[in-house]
Amino acid sequence: QVQLVESGGGLVQPGGSLRLSCVAAGSILSINTMGWYRQAPGKQRELVADITSGGSTDYGDSVKGRFTISRDNAKNTVYLQMNSLKPEDTAVFYCKARVRVRGSLVNNDYWGQGTQVTVSS
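Conventions used here
- Residues numbered from 1 in each chain as written.
- Predicted model: local features only at pLDDT ≥ 70, side-chain atom pairs only at ≥ 80, totals over all residues.
- Heavy atoms only, no water.
- Helix = DSSP H or I, 4+ residues; strand = E, 2+ residues; numbered from the N terminus.
- Buried < 20%, exposed > 50% of the residue type's maximum accessible area, 1.4 Å probe, protein only.
- Disulfide = S-S within 2.5 Å.
- Polar contact = N/O pair within 3.5 Å; in protein donor to acceptor, adjacent residues only side chain to side chain.
- Contact = heavy atoms within 4.5 Å.

**With respect to unusual backbone geometry**
Despite not being glycine, Asn76 has its phi angle at roughly 50°, a positive value. As for its position among the elements, Asn76 is in the loop between strand 7 (67-72) and strand 8 (77-82). Relative accessible area serves as the criterion here: at 23%, Asn76 is assigned to the partly exposed category. Phi angles above zero are rare outside glycine, and Ser84 is one such case at about 50°. Its place among the elements puts Ser84 in the loop between strand 8 and strand 9 (91-101). By relative accessible area, Ser84 is classed as partly exposed at 39%.

Right, dumping it as C-alpha cells:
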C-alpha cells in the first residue's frame, strides 16, 4: 500500500556532507511523522531525526548541530542534510513514515529498504 524509497547514500570522507531523500508513494491519505533511523553493524537501530507534518523536529544527541531534517509535504518527501560527517556515522540509514492510508482509520508505520552511508578516508 505504501512504499518508501530512499536515495543519496554513498561513500564520503570525514568532514564531508551528504543529503538523503525519501519519497513516500502509494495509497496515502496523510502522513504524520517522517524520520530517519540508522543501524551500524552490531548495534541497535537508533533515531537520527524526525519531523512532524507541522515541522516540529527531534534529533538524536550524536547528530545535533550537524544534521538537519526537513520535508516537503506536497511531495511526501523527507530529507536529511548531513554535514561534518564522522566515521562513527557509518551505518545503514532507514526512512520511516507514519501514514494513514486511504480507507483506514488508523496510522501505521512504514519503513524504507535502507541506504548505506560510509564515512571513511
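**Considering the state of the cysteines**
Summed over all chains, the structure comprises one disulfide. Covalent S-S linkage joins Cys22 and Cys95, the inter-sulfur distance amounting to 2.1 Å. In this structure, the disulfide formed by Cys22 and Cys95 twists by about -80° around the S-S bond and is classed as left-handed. Of this pair, Cys22 sits in strand 3 (residues 18-26) while Cys95 is found in strand 9, placing the two residues 73 residues apart along the sequence.

**Things to note about the side chain of Thr77**
Note that Thr77 resides in strand 8. Judged by its relative accessible area of 5%, Thr77 falls in the buried class. Here the side chain of Thr77 touches Lys75 through a polar contact of 2.8 Å, landing on its backbone oxygen. Discounting residues that sit within four places of it in the chain, Thr77 has contacts with Cys22, Val23, Met34, Ser70, Arg71 and Asp72.

**Remarks on the environment of Ser56**
As for its position among the elements, Ser56 is in the loop between strand 5 (46-51) and strand 6 (57-59). Residue classification places Ser56 among the partly exposed residues on the basis of a relative accessible area of 48%. Residues Ser56 and Gln39, spaced 17 residues apart in sequence, show a C-alpha to C-alpha distance of 23 Å.

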